[in-house]
Structure formats: C-alpha cells, structure tokens
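Residues per chain are reported as follows:
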Amino acid sequence: MKTVKIFLSQGAINEVTFHYIEIIRSALKKNGFFYEDISDIRQIRKHDIVVTILPSDAFKAIFLKRARVIHWFQGIGPEEYMILHKDDKNPIRSGIIVRILEYLEKYILNRAVKRIFVSEAMALHYEKKYKMADINYVTVPCYNAFIDWYSNSERYKTPSFIYVGSSYAWQKLDLTLDIFKAVQDILPSARISIMTKDINETNSKIERRSIHNASVSYVSPSELHTIMLSFKYAFLIRDDIDVNHVATPTKMANYISSGLIPIYSDVIDAFKANINLGDFGIPLHPELKISEIAERIVEHHKMTSIDMDMEKMREIHSRIFDDYYSDPVNIDKMRKYFLNI
C-alpha cells in the first residue's frame with residue numbers, strides 16, 4: 001500500500017483547513033492509501049507523495065525533495081497580497097514580493113502532480129494569467145458546516161442582522177455598516193451584531209455612524225453557530241475583483257447552515273453557478289447604490305416577516321448541501337481524481 005504524507009507546517013491548520021484536510025484524508029483512504037501527517041520537510045523522502053496546503057511547503061517539497069505533490073490552491077496569492085498591502089509606501093518591495101509569489105504559484109502549477117482548486121473560476125484565472133491550457137485539476141469549495149437549524153419562525157419576524165469577520169478593508173465592514181445604517185433609518189427596530197476580534201475599532205465605526213441597537217463581541221467558532229440561530233439576515237459583501245471571483249468564502253456555508261438569509265455581493269462565480277437561494281437570499285449587483293440595497297432589504301423583510309415558507313427554505317438549503325457543500329460528493333470527486341497517482 002502506498003503512503004501519502006500530509007505536510008502541515010506551523011500555521012497551516014485552522015477550523016476551515018482542518019475540514020478540507022479531512023476530506024482529502026477520506027478520499028485517500030477510500031483509494032486504499034495510508035496517510036501520515038508530518039510537519040517537517042526532513043520527514044519527506046525523494047519521490048514521496050505529499051499533500052500540501054501552503055505554497056511555501058509545496059515549493060520546498062518539490063524543489064528540495066523532488067516529491068510528487070498534491071497541492072490545494074486556497075486562493076490567488078499574488079492578488080491577495082496586493083490587496084492587503086495596497087498602502088505599502090515601498091512599491092518596489094511590494095512589486096518584488098508579488099513577482100516572487102507569482103513565480104512560486106506558476107512553479108507549483110507546473111510541477112504538482114495533482115491540483116485542487118476551490119472553483120472553476122480559479123482554473124480559468126490560472127489558464128488565462130499563465131497561458132496554461134488543459135490544467136489537470138479537481139474543484140472542491142471551502143466549507144466546514146452542516147445544516148443544523150430548527151424551524152423557529154419567530155426569528156424571521158424582526159429585522160435582525162449579523163456580520164461575522166474582521167475589520168480588514170477587503171471584508172467590507174464599513175460598507176456593511178453603511179448599508180445597515182440606511183436600513184435602520186427606514187426600520188428603526190433593526191438590530192445588528194458584529195462578531196469580530198476587532199472590537200474597539202468596530203465600536204468606533206458604529207459610533208461614527210450613530211447606529212443604535214448594535215453589539216460587538218467575539219466568541220469561539222464552536223459557539224458561533226448557536227448565536228447565528230437567533231438572527232434573520234447575514235452580510236457577505238465583497239468587491240467585484242479577481243480575488244473574489246475565484247473564491248468560495250466559508251461564510252456562505254455557515255450562514256445557510258444556520259438558517260440565515262444571506263445578503264451577499266453577486267460577484268463570486270462559484271456561488272452564481274452552484275447556489276440559488278431563491279427568495280431566501282438577497283444577491284446584490286456591485287453597481288447598486290446603498291439606498292437601493294437598503295430598500296431591497298426592507299422590502300424583503302416586509303414580505304417575509306408575515307409569512308415565511310420554512311419548508312421551502314429547508315428544501316433549498318438541503319439541496320445545496322446535498323449537491324455542493326456535500327462531504328460524500330466532494331470525497332468521491334477527489335477519490336476519482338486521485339486514482340492514478
């Protein structure tokens with residue numbers, strides 16, 4: 001029996017990557033492979049089959065050990081770096097780092113024996129950017145949730161909102177608060193809970209906007225699901241850029257699994273292709289004005305606060321988790337992809 005080494009260096013595992021690695025382990029096991037978790041490059045021998053989830057680990061395994069690498073591409077690193085460091089006062093340094101990241105990305109794309117992408121849009125991005133035709137890959141979205149909500153219709157009668165994330169600019173907390181403020185100006189009873197580690201900064205943002213009925217706190221991921229069960233709407237606002245086109249934010253799975261109605265930017269290609277929430281989601285075109293978004297949300301609340309079709313909502317959510325956020329489906333996709341390692 002072949003053994004596959006799963007290279008998890010420090011910082012590689014969190015609550016999202018843990019579940020993804022579990023899917024990979026299950027797929028390998030179904031194909032009769034043994035797997036071994038390792039954390040040090042010295043545990044890899046020449047021509048070993050190695051799973052990596054960080055570009056630096058993949059590069060070291062291929063370049064130093066000539067390993068046969070299965071790499072999970074979590075995101076498009078160079079573009080993400082440019083967003084996070086757009087205010088860097090040393091453009092030469094930033095430019096050099098981006099070029100290094102692009103070199104690593106292309107190197108791994110060319111030399112990995114298997115490539116796991118989070119979306120078809122990611123594959124198209126790489127094919128176009130690096131002029132690579134016919135990339136051999138499999139797609140599995142990012143998620144770490146299962147449907148777990150009860151039919152409590154009372155939660156949908158009041159305009160309650162939740163935001164889960166950080167105050168990083170790319171997560172659009174400022175725009176989220178601007179939208180909520182516009183909603184609250186129409187529905188004074190609207191309330192919002194911001195779940196973030198950035199408590200002081202977020203409180204300042206709320207105070208500057210004179211938002212009331214707002215709370216800011218942080219809880220562990222294990223506690224978050226129970227809290228989300230008390231709200232009606234959840235925000236997932238993103239810019240219309242490549243980083244978001246190729247992404248599959250885990251928040252969507254978490255929101256749906258909790259019976260929340262997502263208010264989300266319609267810029268994520270994988271969601272357009274795989275998630276149709278019907279009346280139980282509010283997709284937003286990126287060119288909509290804040291006032292138009294607020295009116296859409298208010299109208300939706302008025303329509304659903306009187307009569308919420310819980311059975312239909314459950315049916316739609318179940319279909320999404322049966323077809324898209326499905327461990328059996330995604331494990332089988334990977335199992336078939338790993339057959340000829």
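Residues numbered from 1 in each chain as written. Predicted model: local features only at pLDDT ≥ 70, side-chain atom pairs only at ≥ 80, totals over all residues. Heavy atoms only, no water.

A.B. asks: Quick one: what's the story with the sheet that holds strand β10 (residues 233-236), residue by residue and with numbers?
C.D. replies: Within the open sheet, the six strands sit side by side as β9-β8-β7-β10-β11-β12. Their pairing is parallel. Bordering the open sheet on either side are β9 (214-217) and β12 (282-284), each of which pairs with just one other strand. In this sheet, neighbouring strand axes are inclined to one another by 20 degrees on average, regardless of whether the strands run parallel or antiparallel. Two strands pair when backbone bridges link them, and strand β11 (residues 261-265) and β12 are joined in this way by three bridges, in the parallel orientation. Counted as the bridge partner of Tyr264 is Pro283 from β12. Relative to the sheet, helix α12 (residues 290-306) contacts β7 (160-164), β10, β11 and β12, its axis offset from that of β12 by approximately 170 degrees. (Pairing = 2+ DSSP bridges. Helix = DSSP H or I, 4+ residues; strand = E, 2+ residues; numbered from the N terminus. Axes fitted to C-alpha atoms, helices over the stretch in contact; angles between N-to-C directions. Contact = heavy atoms within 4.5 Å.)

A.B. asks: Talk me through the sheet that holds strand β3 (residues 49-52); I want residue IDs and the actual numbers.
C.D. replies: Taken in spatial order, the six strands line up as β2-β1-β3-β4-β5-β6 in an open sheet, and their pairing is parallel. Strands with a single pairing partner mark the edges of an open sheet, and in this sheet they are β2 (34-38) and β6 (138-139). Strand direction decides the pairing type here: strand β1 (residues 3-7) and β3, joined by four bridges, are parallel. Counterpart to Ile6 in the pairing with β3 is Val51. Its contacts with the sheet put helix α2 (residues 55-65) on β1, β3 and β4 (68-72), and the angle it makes with β4 is roughly 170 degrees.

A.B. asks: Give a description of helix α4 (residues 91-111) that names residues and reports values.
C.D. replies: Helix length check: α4 (21 residues) gives 30 Å between terminal C-alpha atoms against 30 Å at 1.5 Å per residue, within 8%. Buried within α4 we find Ser94, Val98, Glu102, Leu104, Glu105, Tyr107, Ile108 and Leu109. Its buried side turned inward, α4 meets α2, β4, α3 (77-84), β5 (114-117) and α5 (120-129). (Expected span 1.5 Å × (residues − 1). Buried < 20%, exposed > 50% of the residue type's maximum accessible area, 1.4 Å probe, protein only.)

A.B. asks: Any details on unusual backbone geometry? Residues and values, ideally.
C.D. replies: The phi angle at His47 is positive, at roughly 70 degrees, despite the residue not being glycine. Checked against the element boundaries, His47 lands in the loop between β2 and β3.

A.B. asks: Which residues make up the environment of Arg191, and what are the values?
C.D. replies: Mapping Arg191 onto the fold places it in strand β8 (residues 191-195). Setting aside chain neighbours within four positions, we find Arg191 in contact with Pro159, Ser160, Phe161, Phe180, Asn213, Ser230 and Phe231.

A.B. asks: A description of the packing of helix α1 (residues 15-30) against helix α14 (residues 327-337) should follow, citing residues and the corresponding values.
C.D. replies: When two helices pack together, their arrangement is given by the angle between their axes and by how far apart the axes lie. Taken N-terminus to C-terminus, the directions of α1 and α14 make an angle of 55 degrees; their axes are 8 Å apart at the nearest point. When the axes of α1 and α14 are compared, the pair comes out oblique. Between α1 and α14 lies a crossing of right-handed hand. Contact residues: His19, Tyr20, Ile23, Ile24, Ser26, Ala27 and Lys30 in α1; Asp327, Asn330, Ile331, Met334 and Arg335 in α14. Its residues placed into classes, the contact of α1 with α14 shows six nonpolar, three polar and three charged. (Parallel < 35°, antiparallel > 145°, perpendicular 65-115°, else oblique. Left-handed = near helix turned anticlockwise from the far one by under 90°. Nonpolar A, V, L, I, M, F, W, Y, C, P; charged D, E, K, R; others polar.)

A.B. asks: Break down the pairing of β8 for me, with residues and values.
C.D. replies: Buried residues dominate β8, accounting for four of its five residues. Bridge count between β7 and β8: five bridges; the pairing is parallel. In the strand pairing of β8, Tyr163 is matched with Ile194. Handedness of the β8-helix α7 (residues 199-208)-β9 crossover: right-handed. (Right-handed = clockwise from strand over helix to strand, strands pointing away.)

A.B. asks: Go over α12 with me, naming the residues and quoting the values.
C.D. replies: Three or four residues apart is the spacing at which side chains of an α-helix point the same way, because the helix has 3.6 residues per turn. The end-to-end C-alpha distance of α12, which contains 17 residues, comes to 25 Å, matching closely the 24 Å that a straight helix rising 1.5 Å per residue would cover. The complete set of buried residues in α12 reads Ile293, Ala294, Ile297, Val298, His300, His301 and Thr304. Summarising the axial view, the buried residues of α12 lie within an arc of 165 degrees, below the 170-degree limit, and thus occupy one face. Within α12, the exposed residues directed more than 90 degrees away from the buried face are Glu295, Glu299 and Ile306. Summarising the contacts, the buried residues of α12 are in contact with β7, α6 (173-186), β10, β11 and β12. (Arc of directions from axis to C-beta.)

A.B. asks: How would you explain the side chain of Asn330 if you had to name every residue and give the values?
C.D. replies: Note on placement: Asn330 falls in helix α14. From its side chain, Asn330 meets the backbone oxygen of Ser326 in a polar contact 2.9 Å long. Beyond its immediate chain neighbours, meaning those up to four positions away, Asn330 contacts Ile23, Val140, Pro141, Tyr143, Tyr324 and Tyr325. (Polar contact = N/O pair within 3.5 Å; in protein donor to acceptor, adjacent residues only side chain to side chain.)

A.B. asks: Go over the packing of aromatic side chains with me, naming the residues and quoting the values.
C.D. replies: Taken as a whole and assessed by the stated rule, the structure comprises 16 aromatic pairs. Consider the rings of Tyr20 and Trp72, whose centres lie 3.6 Å apart with planes at 5 degrees: the pair is stacked. Of this pair, Tyr20 sits in helix α1 while Trp72 sits in strand β4, placing them 52 residues apart in sequence. There is no split in this pair, since Tyr20 and Trp72 are both buried. Here Tyr337 and Phe338 contribute two aromatic rings whose centre-to-centre distance is 6.0 Å and whose plane-to-plane angle is 45 degrees, an arrangement assigned as tilted. (Phe/Tyr/Trp six-rings, centres within 6.5 Å; stacked < 30°, edge-to-face > 60°.)

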